[in-house]
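# Observations on chain architecture
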Amino acid sequence: MTVSALSADPLWPRAGSWPEVAGEDWIDVVLLGVPAFRTSLSPTGAHATPAAVRDALQRYSPTLMGPPPVDLEQALRIADAGDIADPDGPDGEGRVRERVREMAAQAGLIVALGGDNSITYAVAQGADASGLITLDAHFDLRDGVSNGSPVRRLVDDGLDPQRIVQVGIADFANSAAYAHRAADLGITVITQDDLRRRGIADVVAEALEVAGAGGSEVHLDIDVDVCDRSVAPGCPASVPGGLQGWELRALVRGVASDPRVRSADIVEVDATADTPDGRTVRLAALCVLELLAGRATT
Ligand SMILES: N=CN[C@@H](CCC(=O)O)C(=O)O
């Protein structure tokens with residue numbers, strides 16, 4: 001059955017197809033496509049992903065089960081700001097920063113749909129974030145400009161490493177050099193083993209306390225490659241043994257329920273390599289809905 005056939009039931013509304021941003025009225029959540037892909041270390045078709053996620057949203061309802069059930073599209077004002085054209089490179093990053101800055105004045109939460117993980121740099125800067133939480137298997141502290149370096153670039157530009165929390169760092173997916181770099185900077189690192197031992201609620205509480213200290217704006221970077229490769233085959237760098245889909249979704253909802261979280265990105269999904277059944281794009285779409293769910297419960 002196609003998504004359009006599923007949409008035929010008037011008693012079963014589908015998520016997505018949100019109106020364009022028009023005028024200057026306040027918006028609770030705005031979607032913004034940032035299809036960067038040119039500096040990815042692994043070749044990727046991540047520029048195809050914003051459109052694919054918008055399509056995949058139609059598979060789901062915007063409804064939390066409660067009880068009572070809550071239609072998030074009734075509870076929140078949601079808009080779609082379209083895609084940033086050619087967001088790679090210094091000019092592209094400038095456009096991302098500028099658009100996110102404009103949206104931050106009008107929206108409670110900006111959801112940037114990547115694209116590869118390089119977008120975290122410009123989106124967090126545009127949102128004027130002074131705290132950062134990453135849900136990611138990798139440190140992203142590499143030298144140079146790529147999907148493996150946004151956290152190092154943010155720190156180089158003045159983001160306080162004491163306000164950075166990295167959740168889901170995986171064994172066999174990072175080097176000792178970058179683990180030492182994170183430790184030397186004073187970044188709070190919560191590995192996948194730590195997460196499993198401590199539980200999601202405890203980790204979310206610490207992440208928000210550290211990143212949100214002082215009541216400042218927090219950016220949430222959702223790199224779907226933190227998930228198990230069976231869950232996220234469309235992420236070039238996902239690892240067998242990673243998080244389950246429900247774990248990522250619970251982390252996203254928990255973090256997004258804090259009003260200090262004003263921006264988020266969903267990255268590293270290559271919609272063109274998402275075999276066998278588009279499950280990574282579906283998970284990314286569910287992360288969008290989890291961000292809405294979190295926002296509705298702030
Ligand atoms: N956020 C992802 N970072 C990975 C990217 C690797 C890849 O593209 O294969 C990293 O730095 O290792």
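Before reading on, note that the structure itself is shown above.
Since this is a predicted model, take the numbers as computed values, not measurements.

All right, on to the overall build of the protein then. When helices and strands are tallied, the protein shows 11 helices and 10 strands. The C-alpha atoms of the protein give a radius of gyration of 18 Å, which matches the 19 Å a tight globule of 298 residues would have. Counting only C-alpha atoms and orienting by the principal axes, one finds that the protein spans roughly 55 × 40 × 40 Å. Out of the 298 residues in the protein, the part that is buried amounts to 55%. Within the protein, residue pairs in contact and separated by at least 24 positions form 78% of the contacts whose partners lie at least 6 positions apart.

With that out of the way, let us pick up the site of the ligand. In the region of the ligand, 13 residues are neighbours, and Ser 42, Asp 140, Arg 142, Asn 147 and Asp 223 sit closest. Of the residues that constitute the shell around the ligand, the class distribution is two nonpolar, six polar and five charged.

Below, the discussion takes up the sheet that holds strand β10 (residues 261-267). An order of β4-β1-β5-β10-β9-β6-β7-β8 is seen for the eight strands of this open sheet, with the pairing classed as parallel. Every other strand in the sheet has two partners, leaving β4 (78-83) and β8 (188-191) as the edge strands with one partner each. The sheet shows a mean angle of 15 degrees between the axes of neighbouring strands, taken without regard to direction. Packing of helix α9 (residues 200-211) onto the sheet brings it into contact with β6 (131-135), β7 (164-169), β8, β9 (218-223) and β10, and relative to β6 it is tilted by some 150 degrees. On top of the sheet, helix α10 (residues 245-256) reaches β6, β7, β9 and β10; it is set at about 165 degrees to β6, its chief contact.

Let us now look at the packing of helix α4 (residues 89-104) against helix α5 (residues 119-126). Each packed pair of helices is defined by two parameters, the angle between the axes and the distance between the axes. Their axes nearest at 7 Å, the elements α4 and α5 cross at an angle of 35 degrees. The element α4 and its partner α5 pack so that their crossing is right-handed. Every residue of α5 that contacts α4 at Glu 93, Val 96, Arg 97, Val 100 and Arg 101 is listed here: Tyr 121, Ala 122, Val 123, Gln 125 and Gly 126.

Before going further, it helps to spend a moment on the packing of aromatic side chains. Under the counting rule described, the total for this entry stands at zero aromatic pairs. A cation over an aromatic ring shows up here: Arg 153 above the ring of Tyr 121, its NZ or CZ 3.7 Å from the ring centre.

Two elements in contact, α9 and α10, have axes separated by 10 Å at closest approach and are oriented at 40 degrees. It follows from the interaxial angle that α9 and α10 lie oblique. Helix-helix and strand crossings are classified by hand; for α9 and α10 the assignment is right-handed. Seen from α9, the contacting residues are Ile 200, Val 204 and Leu 208; seen from α10, they are Trp 246, Glu 247, Ala 250, Leu 251, Gly 254 and Val 255. Among the residues forming the contact of α9 with α10, the class breakdown is seven nonpolar, one polar and one charged.

Further remarks concern the nonpolar core. Membership of the largest hydrophobic core comes to 58 residues, with the highest contact counts inside it found for Ile 133, Ile 266 and Leu 291. With 11 residues, helix α11 (residues 279-296) is the single largest residue contributor to this core. What Ile 266 contacts, discounting residues up to four positions off in sequence, is Val 111, Ala 112, Leu 113, Gly 114, Ile 222, Val 224, Ala 284, Cys 287, Val 288 and Leu 291.

Scoring rules and cut-offs
- Residues numbered from 1 in each chain as written.
- Predicted model: local features only at pLDDT ≥ 70, side-chain atom pairs only at ≥ 80, totals over all residues.
- Heavy atoms only, no water.
- Helix = DSSP H or I, 4+ residues; strand = E, 2+ residues; numbered from the N terminus.
- Rg over C-alpha atoms; globule rule 2.2 N^0.38 Å.
- Buried < 20%, exposed > 50% of the residue type's maximum accessible area, 1.4 Å probe, protein only.
- Contact = heavy atoms within 4.5 Å.
- Near = heavy atom within 4 Å.
- Nonpolar A, V, L, I, M, F, W, Y, C, P; charged D, E, K, R; others polar.
- Pairing = 2+ DSSP bridges.
- Axes fitted to C-alpha atoms, helices over the stretch in contact; angles between N-to-C directions.
- Left-handed = near helix turned anticlockwise from the far one by under 90°.
- Phe/Tyr/Trp six-rings, centres within 6.5 Å; stacked < 30°, edge-to-face > 60°.
- Lys NZ or Arg CZ within 6 Å of the ring centre and 35° of its normal.
- Parallel < 35°, antiparallel > 145°, perpendicular 65-115°, else oblique.
- Core = buried A, V, L, I, M, F, W, Y, C linked by side-chain atoms within 4.5 Å.

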